[in-house]
Amino acid sequence: MPWTNKHLKWLEDTGEIITTACGKQAPIYTFNPDMTDEATVSAWAKHFRNHYCDDNEIDDLRDGTGLSRTEYLLKTKLPVQNVTAPHEKTGPATRSGDFTEILVSDFLEFNLNYWVPRTRYEFKVNPNLSENGSDVIGFKFSNDGKAKNDELMIYEVKGSLTGKKPSNRLQIAVNDSNKDRFRVAESLNAIKQRLKLKGLQQDVPKVQRFQNIGDRPYKEKYGAASVLTNTMYSDVELNKTDTTGHVNSSSLSLLVIKGDALMDLVHFLYQRAADEA
């Protein structure tokens, strides 16, 4: 399997807590990869690459293009680093957004033990555009066997990986999370369709279980996350976050991840993922 959590040893709980204007708490994590750890970096690059193109399918998909695996990924499947044409203008921002979503997906799956289907990026028509729908959805089936205790977690993720003037991206994540209740149905349907397209029929019932909360009740939870490069991080700004306008404010989870020069890291990871295909 391409999926790994080895890189999450670099995601560390600082022990710091942000207390928002409304009294909620957000744990602060720092992400500091050791780029000299070649084995882990390579496993991470493979994990990242397979979100966009299954290693088992890349040769069939590039057949007829005349492109190498690396060229095919960089020209067809991955958002671009440098804009050279109008249709690529959102490429760098999409790289940033996709990276932050995948990192939060990893946190949700490997740290919080949700099942997070990896289907969001593989079927893009334009790799330089972000996908519609909820950013990250995780599924959890109760240990007590009671279906009413099954959980659906929906996370809104906002990143700020460049710049020097801090801004409160956590507040924007909270605000946009408030819209997720209107996007859950279409997002679940998209996940189910993509699982079918990938031949993962065994996973389809796991998604179907959550498609009718009226007849099959479960716990619906929401989260808002901000991923920030260190120059964009500010306790003062984050402390201003107010969740009282969120429909599920009482159960809303908050998460902040920060790290050094994250956009440089993003570009490195995309290139490494393509080079090692």
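Anything mentioned here points back to the structure above.
Residues numbered from 1 in each chain as written. Predicted model: local features only at pLDDT ≥ 70, side-chain atom pairs only at ≥ 80, totals over all residues. Heavy atoms only, no water.

A. Highlighting helix 3 (residues 69–77). Those residues of helix 3 not exposed but buried are Tyr72, Leu73 and Lys77. Down the axis of helix 3, the sector holding all buried residues measures 95°, keeping them to one side. Looking at the packing, one finds that the buried side of helix 3 touches helix 1 (38–49), helix 2 (58–62) and helix 9 (262–275). (Buried < 20%, exposed > 50% of the residue type's maximum accessible area, 1.4 Å probe, protein only. Helix = DSSP H or I, 4+ residues; strand = E, 2+ residues; numbered from the N terminus. Arc of directions from axis to C-beta. Contact = heavy atoms within 4.5 Å.)

B. Inspection of the nonpolar core at higher detail. Phe31, Phe99, Tyr155, Val227 and Ile257 are the most contacted members of the largest nonpolar core, which totals 42 residues. Broken down by secondary-structure element, the contributors of at least two residues to this core are strand 2 (25–31), helix 1, helix 3, helix 4 (91–111), strand 4 (151–160), strand 5 (219–229), strand 6 (253–259) and helix 9. With 8 residues, helix 9 is the largest single contributor of residues to this core. Among the nonpolar cores identified, the runner-up in size contains 27 residues, and Val174, Val204, Ala224 and Leu254 belong to it. (Core = buried A, V, L, I, M, F, W, Y, C linked by side-chain atoms within 4.5 Å.)

C. Representation of the sheet that holds strand 5 in the model. Spatially, 1-2-6-5-4-3 is the arrangement adopted by the 6 strands of the open sheet, whose pairing is mixed. Each edge of the open sheet is held by one strand with a lone partner, namely strand 1 (11–19) and strand 3 (136–140). Averaged over all neighbouring strand pairs, the angle between strand axes comes to 25°, with direction disregarded. Two elements, strand 2 and strand 6, share 3 bridges in a ladder whose sense is parallel. Pairing of Tyr29 across the sheet is with Ile257, part of strand 6. Together, strand 3, strand 4 and strand 5 form the strand contacts of helix 6 (residues 184–197), whose direction differs from that of strand 3 by roughly 75°. (Pairing = 2+ DSSP bridges. Axes fitted to C-alpha atoms, helices over the stretch in contact; angles between N-to-C directions.)

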